[in-house]
Amino acid sequence: MKVAVIGAGASGLLAAYAAASNGNSVTVFEKNEKCGKKIYITGKGRCNLTHDCAPDEILLNVVNNSKFLTSAIYAFSPEKTIKFFEDGGLKLKTERGARVFPVSDKASDVTKCLEKYCRSVGVKFNFCEEVSKINVLNSTISDIITSKGSFSFDKVIVCTGGLSYPSTGSTGDGYEFAKCSGHNVIPLKQGLCGLNLKGNFYKELQGLTLKNVNLSVINKGKVIKEFFGEMLFTHFGISGPIVLSASSVVNRLDINTLKVSLDLKPALSAEQLDKRLLRDFEIFKNKTIFNCLKELVPSALIPEILRRSEISQEKKVNSVTKRERTNLLKVIKNFDMLISSLRGFEEAIITSGGVDVKEINPKTMESKLVKGLYFCGEVLDLDAFTGGFNLQIAFSTGYVAGKSIKE
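Quantities reported herein were computed from a predicted structural model and do not represent experimental measurements.

A. Representation of the pairing of strand β5 (residues 92–95) within the structure. By the bridge criterion, four bridges tie β5 to strand β6 (residues 99–102) in an arrangement that is antiparallel. Bridge pairing links K93 to F101 in β6. Following β5, the chain reverses through three residues before pairing antiparallel with β6; G97 in that reversal takes a positive phi of roughly 80°.

B. Spatial organisation of helix α7 (residues 241–250). Of all ten residues in α7, nine are buried; the element is thus mostly enclosed. Here α7 has its buried residues at I242, V243, L244, S245, A246, S247, S248, V249 and V250.

C. Here's a closer look at unusual backbone geometry. If you check the backbone angles, K44 has positive phi at about 55° while not being a glycine. Under the relative-accessibility criterion, K44 is labelled exposed at 83%. Even without a glycine there, the phi angle at K220 is positive, about 55°. Relative to the assigned elements, K220 resides in the loop between β14 (209–219) and β15 (222–233).

D. Here's a closer look at the packing of helix α3 (residues 66–75) against helix α12 (residues 389–404). Contact pair α3 / α12: the axes reach a minimum separation of 8 Å and the direction vectors enclose 85°. Comparing their axes, α12 and α3 come out roughly perpendicular. Residues L69, A72, I73 and A75 of α3 pack against Q392, I393, S396, T397, Y399 and V400 of α12. Residues that form the contact of α3 with α12 fall into these classes: seven nonpolar, three polar and no charged.

E. Highlighting the packing of helix α1 (residues 10–20) against helix α5 (residues 107–120). Two elements in contact, α1 and α5, have axes separated by 8 Å at closest approach and are oriented at 25°. As the angle between them shows, α1 and α5 are arranged roughly parallel. The hand of the α1/α5 crossing is left-handed. Facing L13, L14, A16 and Y17 of α1, the residues of α5 in contact are L114, Y117, C118 and S120. For the contact of α1 with α5, a count of residues per class yields seven nonpolar, one polar and no charged.

F. Quick peek at the sheet that holds strand β16 (residues 237–239). Strand order in the open sheet formed by seven strands is β18-β17-β14-β15-β16-β13-β19, with antiparallel pairing between adjacent strands. Sheet topology places β18 (335–337) and β19 (339–342) at the edges, where each strand pairs with a single neighbour. Averaged over all adjacent pairs, the angle separating strand axes in this sheet is 40°, with direction ignored. By the bridge criterion, three bridges tie strand β13 (residues 195–197) to β19 in an arrangement that is antiparallel. Among the inter-strand pairings, N196 is bridged to a residue of β19, identified as S341.

G. Representation of the packing of aromatic side chains in the model. Under the counting rule described, the total for this entry stands at 13 aromatic pairs. Consider the rings of F76 and Y399, whose centres lie 4.6 Å apart with planes at 20°: the pair is stacked. Of the two residues, F76 sits in the loop between α3 and α4 (78–87) while Y399 sits in helix α12, which places them 323 residues apart along the sequence. Judged by its relative accessible area of 22%, Y399 falls in the partly exposed class.

Calculation rules
- Residues numbered from 1 in each chain as written.
- Predicted model: local features only at pLDDT ≥ 70, side-chain atom pairs only at ≥ 80, totals over all residues.
- Heavy atoms only, no water.
- Pairing = 2+ DSSP bridges.
- Helix = DSSP H or I, 4+ residues; strand = E, 2+ residues; numbered from the N terminus.
- Buried < 20%, exposed > 50% of the residue type's maximum accessible area, 1.4 Å probe, protein only.
- Axes fitted to C-alpha atoms, helices over the stretch in contact; angles between N-to-C directions.
- Parallel < 35°, antiparallel > 145°, perpendicular 65-115°, else oblique.
- Contact = heavy atoms within 4.5 Å.
- Nonpolar A, V, L, I, M, F, W, Y, C, P; charged D, E, K, R; others polar.
- Left-handed = near helix turned anticlockwise from the far one by under 90°.
- Phe/Tyr/Trp six-rings, centres within 6.5 Å; stacked < 30°, edge-to-face > 60°.

Pasting the structure below:
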């Protein structure tokens, strides 16, 4: 059977290998000059290729449509992914938080391993050849049109990625293929990106990194998700691991009803923090409140914390009132920030939204509308938090698509 794979990224390479290992004749069409351009920049060039955990944990970290993914994640689990790469000669290591990386810390080695697998089963690569159209006749794939001509195929697997990092070739082609073949495309949003904040207080905090803090996403007064870990203030607002994950929760909600709130001391309850403040106030009673707080929170944050608490920086600790201490406590445990917008697709790690999974067979990734047409990876309405989960989605969906095509 003749199979065309559009896109030589993570899902495309796995799909091509799996289809070719079934005895099919597979051709990969890639608009770039080489494979895996987006893989090269993942994990800051190190490539966090999966999460060393059970399939159920992967599904718990999927933001949208985890149920659809169940079959694929079990068919090609993190354990199988790790074995697949190690059997291919790629040495791996598991770092803090169960994140899996190549020992070499080179994302390019992940791509090389995938390409080597593909070439070992006879996959043909057509680089610098962009697919412009997929033709459908009587609800069945007929042929594809590329920059170099028209070609007939029995099956076409669309693995074109999303809209994030358009410089890598992710320009939304797959969504157009889907729409033209009658598919619904869920509105596209930036996923795993920084958040622009209202106001300008963050400009004074630019470059400040906070560790072991808790970030709550609050919608209409209700906490809908919490994230613990590291974040940083930037020239536009906030970013860092827990903020990136939070962005994938807020991106489909009305920003006007949202806020994010920082607990700067999550290890202490409000009562414990109050006792700590009273103890510090006794020790530093003759100092200014600014100097007293240096023992508790980063110095750069103190002016803003005191402004929100309505306490003068020069006020002596021994003259701080109970009401002011209560305000201080509240601000440290609930440092609220209002979001103005998400950062753009050029900075977003992934795309949220995409081809409606209700129209896709979860066990094969084949379209329910067009026979012989498949969709894999980021082009689908699937996304997850940081930690290797999104690449696992790409590998799993690509694998089941390719494996389901039998000669």
